[in-house]
Amino acid sequence: MTIINFTPVPALIGGAMIGLAAAFLLLAKGRIAGISGIAGGVIYPEQKDDISWRVVFIVGLILGGLIYQWTGFGVGVTHITAQVSTPVLVIAGLLVGIGTQIGTGCTSGHGICGLARRSPRSLVATLCFMGSAVVTVFVVRHLLGGV
């Protein structure tokens, strides 16, 4: 594997910002920054006054990427493009949604917040996420010929 865009400083800054945002949400709202749970709470709110912060969080995620691109920090960075058709992306998205329900959380909730809280359940979930990713990449690249 060849690393084309090695950018340790932006990666470090981005990681620190993710950590600060997760810590702020935990301290301010007592909530875990798990994206699937936050998005699910917009669709199926537990309380009426619980929607606004969730929408702001999701909009902030989207705006963060756009601001990064608009400010020029993303200049020279290879943009990610889908290598598959839209139906395959839709199916993949649905499978991710099913996986977050089965795993009672997503990689952000378990991998970032859960591991930071030293949750054994999050450790197991994160190991399962990563193990599934390794197996999937192996199957797609080596057994299916890089579909």
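Look above for the structure.
All values derive from a computational prediction rather than experimental measurement.

Colleague: Any chance you could explain the packing of helix 2 (residues 35–43) against helix 3 (residues 52–70) here in plain terms?
Modeller: When two helices pack together, their arrangement is given by the angle between the helix axes and by the axis-to-axis distance. Contact pair helix 2 / helix 3: the axes reach a minimum separation of 9 Å and the direction vectors enclose 125°. Classified by the interaxial angle, the pair formed by helix 2 and helix 3 is oblique. Between helix 2 and helix 3 lies a crossing whose hand is left-handed. For the pair helix 2 and helix 3, the contacting residues are I35, G37, I38, A39, G41 and V42 in the first and W53, R54, V55, F57, I58 and L61 in the second. Counted by class, the contact of helix 2 with helix 3 contains nine nonpolar, two polar and one charged residues.

Colleague: In this structure, what is going on with the packing of helix 5 (residues 107–116) against helix 6 (residues 120–143)? I would like to understand it.
Modeller: Closest axis-to-axis distance for the helix 5/helix 6 pair is 9 Å, and the angle between their directions is 135°. The angle between helix 5 and helix 6 places the two elements in the oblique class. For helix 5 against helix 6, the interelement crossing comes out left-handed. Touching T107, H110, G111, G114 and L115 of helix 5 are R121, S122, L123, A125, T126 and F129, all from helix 6. For the contact of helix 5 with helix 6, a count of residues per class yields four nonpolar, six polar and one charged.

Analysis parameters
Residues numbered from 1 in each chain as written. Predicted model: local features only at pLDDT ≥ 70, side-chain atom pairs only at ≥ 80, totals over all residues. Heavy atoms only, no water. Axes fitted to C-alpha atoms, helices over the stretch in contact; angles between N-to-C directions. Helix = DSSP H or I, 4+ residues; strand = E, 2+ residues; numbered from the N terminus. Parallel < 35°, antiparallel > 145°, perpendicular 65-115°, else oblique. Left-handed = near helix turned anticlockwise from the far one by under 90°. Contact = heavy atoms within 4.5 Å. Nonpolar A, V, L, I, M, F, W, Y, C, P; charged D, E, K, R; others polar.

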